[in-house]
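Structural overview
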Amino acid sequence: MLWNIFYKSVWEYVTNITEPSRKDMNKKSVQLSKFDKEAAEYARMFAYENFTNTTMKRQFIKVIERAGLYTINDSTLLEQITRTKAEISNLHRKSIYCLPRENCLYRAGLEKIMSKSRSYDELLTVWEGWHHITGRSVKEHFIKLTKLMNKAVKYKGHDDVGEWWASFYEISYFENDIARLFKELEPLYLELHAYIRKQLLKRYEKDIFPMSGHIPAHLLGSLDSGKLEKIYQFVEPFPNNSRVNITKKMREQQFNVTLVYRIAEDFYTSMGFEPMDDDFWENSMFVEPSNRYVFCNPSSWDFGDGKDYRIKACTRIDEKNLIMAHHEVGHIVYYQSYKHQDTIFRNGANPAFHDGVASLASLSVKTPEHLHKIGFTETILEDPERDMNYLMKLALEKVALLPYAYAIEYWRWGVFRGQISPSEYNKKWWDIRCRYQGISPPVERRKEDFDPGSLHLVATNQPFIKHFVSVILQFQWHEALCKAADHKGHLHRCNLYGSRTAGHILKKALSLGSSKSWQNVMRVVTGQRQMSVKPLMKYFNPLLLWLRDQNKEENIGWARSCPSIIPQLQTPTPLDHPDKYMKRQVASCTTAADCTCADNQVAACHHGHCSCHHDSGHHPKRQVASCTTAADCTCADNQVAACHHGHCSCHHDGGHHPRALCHNGHQCTCPDGQTGVCNSNGHCDCGNNGKRQVASCTTAADCTCADNQVAACHHGHCSCHHDSGHHPRQVASCTTAADCTCADNQVAACHHGHCSCHHDSGHHPRALCHNGHQCTCPDGQTGVCNSNGHCDCGNNGKRQVASCTTAADCTCADNQVAACHHGHCSCHHDGGHHPRALCHNGHQCTCPDGQTGVCNSNGHCDCGHNGKRQVASCTTAADCTCADNQVAACHHGHCSCHHDGGHHPRALCHNGHQCTCPDGQTGVCNSNGHCDCGHNGKRQTTSCVTTDDCTCTGDHEVASCENGMCHCHHDPHHDNGNHNPPHHPGKRQTTSCVTTDDCTCTGDHEVASCDNGMCHCHHDGHHDNGNHNPPHHP
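Given the structure is predicted, the values throughout are model-derived calculations rather than measurements. (Residues numbered from 1 in each chain as written. Predicted model: local features only at pLDDT ≥ 70, side-chain atom pairs only at ≥ 80, totals over all residues. Heavy atoms only, no water.)

On a plain count of helices and strands, the protein comes out with 25 helices and 34 strands. Residue burial in the protein is summarised as follows: out of 1034 residues, 47% are buried. Across the protein, every contact between residues at least 6 apart in sequence was considered, and the portion connecting residues at least 24 apart equals 51%. (Helix = DSSP H or I, 4+ residues; strand = E, 2+ residues; numbered from the N terminus. Buried < 20%, exposed > 50% of the residue type's maximum accessible area, 1.4 Å probe, protein only. Contact = heavy atoms within 4.5 Å.)

Written out as structure tokens, the structure reads:
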């Protein structure tokens, strides 16, 4: 209960950063810490080490582990540790580095320069500046924190902090195991390092690279030189081979934020994991609200009650956020998998498991197979060059992280043990990074420097080795699950989407939580208990072979020690264009929006070049010379922007009109918490306005005018005129009345493709929803929007179209019945006895008793008797639907119906689909729409390609396909009185095959196999020893 209360207080703070929410969070944190400490103290009263019940013993260990350092009795020591960590965090958060002319940036702004700048001098200035300003300021705090934490862990029975962290992995010689894994990785990293150095040498002057083979640290795309994906454009193997632009595809397909997470959810549900519940979708924060401050870093939340799970993220529609969504949903899947465990076991099997599981999906999501499956490509692309580009980018992210993580932890192990003294902190830091990572400091380092302090995770003593372990594990799991999914080919082309077999194995492992050792959990997935780099090496083997070919003329490796000659630091001279150090500064521009200046300056774009000038109004927002609407302009806080003839202007307004709070046309949050749409002035219209104002248009729907005006589109340009009827959305052309909008006291109509309006005494309000879409009824239930833009709640709601295949495609008035004649809809009166369609033909619907039925062609829900699809043409009788007392038949491709005395009810299921038998088991629907439970289920056709297309009606007959026609013959297996069906009722009988699933054997104790594309049957050894449990061939 306390964990749930605490997590909710933290959620409230991070999604609404206020002083009251911060105080409440701290209060709950103190309460929880007190509880954890008391629980750990109580657990220590027992001699749990001697427990014979391993589960109970593990529970006691986890209770003590969970309390962390709070188990010690020295409250003063704990307070000092907490305060010192907070001081270091505050120093990092407030650290800025001021570039020439007082352009000062926080870390985020400096990282943008490191990732985008191509100037050696710029990169050196920023790198040295950040390390100087942060490292030196936190050094004394770090020394103090290390001493305090080492003292605290001694109370817990550990010699030092490093040993304490290693204990979470339950390995006696953890450091040796990590060293072994790093050694196995070396062949790949050496080749990757050599190729990166070779490509950077082409871009920068050769004499800036040391002869020792190291790469200067500031050239690797970030301040910490960890993940290297920011330099991908420099090392892309085939730059002319364009990759699939996932971001572009998402925007072309009009993705919204919800769909991003639905796509991620679909990946896991396709493997058999349970979907997210309604509370998850309602309570999560997927977009950044405009009315309050929040922490935007993505995170997944388990509130500890076994039912409340959420995601917090400020999601954008792009490739990066699609991968992020899969990662965060992966955490939720893990939470849900172990929710049945005791509370103390609801965690990852070790600190690296959660991140490894969450990252597992990313190895499938970008495969050509998956991109095709989710509709981003029309075909599965077979392109070795594109594969090589993908592997290179992934290696910069995953492989390069491993030596970086290993170097950090190797240094800290020495620090915690006291083997590295404070006076040697920086020297040993670079000795280790030079040796294991192959990078060197770009300028001479001094004794007072403390470069590891520039990394927040190092300065605050947060364990980092879990990132090393998680990368190893995710490739190990990926290989094992791909094998279970029967993947053939390169490991990097394996897509786990849709594999229930792989999903079953993974779910079984995840469901254990931390109730078993991580080695036992991993054995469930991989069959082994030890970590190995071999699967990772196998995954990147095509890249390794390519790199060896590219590096034939290169010296592989580097010296074990740092370069003997490192350039001395010289004070950087002011540059000609200091503004380029800012967030987004480019030399060339189209509008001022491409330029960025200091906070007290305004950007301008003259003749394609950026310039900055001072303005006492302090315009940090975007200032552009040209505009479409006022939302494109930004003025001082006490001014209002306007757009006249495509140019921005500003005028004073006494402070009554604040500057734009949102982006025109985007969603925004209203004061009552509801969602509105941002208007062209950058204000949030809550329920009344909010359409996009553009200068050019196709129809009036592209224009927005004042509330008392009506928009019109003439010759591709928007215009507005007064109309007391308030017409905010008038379009010239239409398909149905839902495309038109009139005044509140008028009703829209669509005649011959044009909109018209007539008065109706206010009884017909304007369209509230979009035709055919779901809408919300007054009672909170879901209805369907009709063609007038009104929400039909339980009586109406079908789609009204001019053309139709069946009456289900038509919609008439409540007292009319729809009919489809010669492909056109018509309506006739029926005394109100036939209400309009309540559901969509062929779709599932809900019966009065709460059971599931199938919607028939009249749009009514048939509950157990009807529901097949009525079509004019057919392949089998299953494509036809007749009255309840009739039987459907398919002759020469056309449906016909004949009476059968009511003995043959209409189809209960769809041909070839799974259905439920009376005993609750799963059967297969036959061609008559009946559920065959273990005996039948094949399609009945006169022509065939394989035996799978045929079905025989005799009890003891077997189907075969010969010369394209179906034949039936007697099954000799039934001559000996054995009427038991074989143990493989679900496999298909074919002569040719791709996998064993395409084959079926008829012998009681035979098992099918697929060899060289042909089916074979052999005796099942499971039945020789009296074991009658069916083999594992689900």
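Next comes the rest of the description.
Okay, the pairing of strand E4 (residues 299-302) next. Consecutive residues of a regular strand have side chains that alternate between opposite faces of the sheet. Neither face of E4 is open: one carries Ser299 and Trp301, the other Ser300 and Asp302, and all of them are buried. Sheet analysis places E4 next to strand E5 (residues 309-312), joined by 4 bridges and oriented antiparallel. If you follow Asp302 over to E5, its bridge partner there is Tyr309. Here E4 hands over to E5 after 6 residues, with Gly304 in that stretch at a positive phi of 80°. (Pairing = 2+ DSSP bridges.)

This part is about the packing of helix H22 (residues 500-510) against helix H23 (residues 518-526). At their nearest, the axes of H22 and H23 sit 8 Å apart, and the two run at 175° to each other. The orientation of H22 with respect to H23, classified from their angle, is roughly antiparallel. Residues Ile505, Lys508 and Ala509 of H22 form the contact with H23, whose own contacting residues are Val521, Val524 and Val525. In terms of residue class, the contact of H22 with H23 is built from 5 nonpolar, no polar and 1 charged. (Axes fitted to C-alpha atoms, helices over the stretch in contact; angles between N-to-C directions. Parallel < 35°, antiparallel > 145°, perpendicular 65-115°, else oblique. Nonpolar A, V, L, I, M, F, W, Y, C, P; charged D, E, K, R; others polar.)

Moving on to the state of the cysteines. Taken as a whole and judged by the stated rule, the model has 4 disulfides. Between Cys98 and Cys104 runs a disulfide, and the two sulfur atoms are separated by 1.9 Å. Since a negative S-S torsion denotes a left-handed disulfide, the Cys98-Cys104 link at about 105° is right-handed. Residue Cys104 is classed as partly exposed on the basis of its relative accessible area, which comes to 32%. Disulfide partner of Cys482: Cys494, at an S-S distance of 2.0 Å. Negative torsions about the S-S bond denote left-handed disulfides, and the value of about -105° found for Cys482 with Cys494 makes this one left-handed. Within this pair, whereas Cys482 is found in helix H21 (residues 465-484), its partner Cys494 is found in the loop between H21 and H22, the two being separated by 12 residues in sequence. The two residues Cys482 and Cys494 agree in class, both being buried. (Disulfide = S-S within 2.5 Å.)

The subject of this paragraph is the pattern of salt bridges. With the rule as written, the count across this model stands at 29 salt bridges. The closest approach of N and O atoms between Lys366 and Glu319, which form a salt bridge, is 3.0 Å. Residue Lys366 is found in the loop between helix H15 (362-365) and helix H16 (368-373), and its partner Glu319 is found in helix H13 (residues 319-337); the two are separated by 47 residues along the sequence. Given the relative accessible area of 25%, Lys366 is considered partly exposed. Since its relative accessible area comes to 10%, Glu319 is described here as buried. Note that Glu479 and Lys538 form a salt bridge whose closest N and O atoms lie 3.6 Å from each other. Remark: Lys538 occurs in helix H24 (residues 534-539) and Glu479 occurs in helix H21; sequence separation between them is 59 residues. When salt bridges that share partners are traced, they join Glu128, Arg136, Arg445, Glu448, Asp449 and Asp451 into one network. (Salt bridge = Lys/Arg side-chain N within 4 Å of Asp/Glu carboxyl O.)

This brings us to helix H5 (residues 107-116). Within the sequence span of H5, burial applies to Gly109, Leu110, Ile113, Met114 and Ser115. Turning to H5, the residues buried within the fold contact strand E1 (97-99), strand E2 (103-105) and helix H6 (120-155).

Relative to the 18 Å expected for 13 residues at 1.5 Å per residue, helix H1 (residues 2-14) spans 18 Å between its end C-alpha atoms, a close match to the ideal helical length. Buried within H1 are the following residues: Trp3, Asn4, Phe6, Ser9, Val10, Trp11, Tyr13 and Val14. Tucked into the core, H1 has its buried residues touching helix H2 (19-44), helix H3 (54-66), helix H12 (278-283), E4 and E5. (Expected span 1.5 Å × (residues − 1).)

The subject of this paragraph is a positive patch on the surface. A surface patch of positive charge is lined by Lys112, Lys116, Lys230 and Lys320. Using a relative accessible area of 47% as the deciding quantity, one classes Lys230 as partly exposed. (Patch = residues over 30% accessible without salt bridge, like charges linked within 9 Å, V, L, I, M, F, W, Y side chains within 5 Å. Areas by Shrake-Rupley, 256 points an atom, 1.4 Å probe, with all protein chains shown as cover. Lys, Arg positive; Asp, Glu negative; His and termini not counted. Charge placed at Lys NZ, Arg CZ, Asp CG, Glu CD.)

Two numbers describe a pair of packed helices, the interaxial angle and the distance between the axes. Relative to each other, helix H11 (residues 257-269) and H13 sit at 50°, their axes nearing to 8 Å. If you check the angle between H11 and H13, you find them oblique. Our pair here, H11 against H13, has a crossing hand that is right-handed. Residues Val260, Tyr261, Ile263, Ala264, Glu265, Phe267 and Tyr268 of H11 pack against Asn321, Leu322, Met324, Ala325, His326, Val329, Gly330 and Val333 of H13. (Left-handed = near helix turned anticlockwise from the far one by under 90°.)

Along the chain, Lys248 turns up in helix H10 (residues 246-252). Taking the C-alpha atoms as reference points, Lys248 and Ile317, 69 residues apart in sequence, are found 9.3 Å from one another.

Together, Tyr42, Met45 and Phe46 make up an exposed nonpolar region whose accessible area comes to about 360 Å². Structurally, Tyr42 is set in helix H2.

Turning to the packing of aromatic side chains, a few remarks are in order. Counting across every chain of the model gives 49 aromatic pairs. Taking 6.5 Å as the distance between ring centres and 80° as the angle between the ring planes, the aromatic pair formed by Tyr406 and Trp413 counts as edge-to-face. Residues Tyr406 and Trp413 agree in their burial class; the two are buried. Each residue in the set Tyr42, Phe46, Tyr48, Phe51 and Phe60 is aromatic and connected to the rest through ring pairs, giving one cluster. The ring of Trp11 has Arg310 lying over it, and the distance from NZ or CZ to the ring centre is 5.1 Å. (Phe/Tyr/Trp six-rings, centres within 6.5 Å; stacked < 30°, edge-to-face > 60°. Lys NZ or Arg CZ within 6 Å of the ring centre and 35° of its normal.)

Across the protein, the average pLDDT comes to 75, with 55% of residues at 70 or higher. Confidence over residues 865-872 falls short of pLDDT 50; this stretch has 42 contacts with residues more than four positions distant or in other chains. (pLDDT = per-residue confidence, 0-100.)

Before going further, it helps to examine the nonpolar core. One broad trend across soluble globular proteins is that nonpolar side chains are buried collectively. Counting residues in hydrophobic clusters, the biggest one holds 163 residues, and the most contacted among them are Ile196, Tyr261, Met392, Trp411, Phe468, Leu536 and Phe540. For this core, the element with the highest residue contribution is H6, accounting for 14 residues. Trp3, Met25, Leu32 and Cys314 belong to the second largest nonpolar core, which has 13 residues in total. (Core = buried A, V, L, I, M, F, W, Y, C linked by side-chain atoms within 4.5 Å.)

Turning our attention to the side chain of Glu191. Mapping Glu191 onto the fold places it in helix H8 (residues 174-203). Despite its burial, Glu191 pairs with no opposite charge; the closest candidate is Arg548, at 4.2 Å N-O. Discounting chain neighbours no more than four positions away, the residues touching Glu191 are Leu544, Leu547, Arg548, Asn551 and Ile556.

For Glu170, which is not glycine, the phi dihedral falls at a positive 55°. Note on placement: Glu170 falls in the loop between helix H7 (161-167) and H8. We classify Glu170 as partly exposed; its relative accessible area is 35%. Not every positive phi belongs to a glycine, and Asp486 is a case in point at roughly 60°. Tracing the backbone shows Asp486 in the loop between H21 and H22.

Another point: the environment of Pro463. Within the secondary structure layout, Pro463 lies in the loop between helix H20 (456-459) and H21. Separated by 301 residues in the primary sequence, Pro463 and Gly162 place their C-alpha atoms 8.7 Å from one another. If sequence neighbours within four positions are ignored, Pro463 has contacts with Trp165, Glu409 and Arg412.

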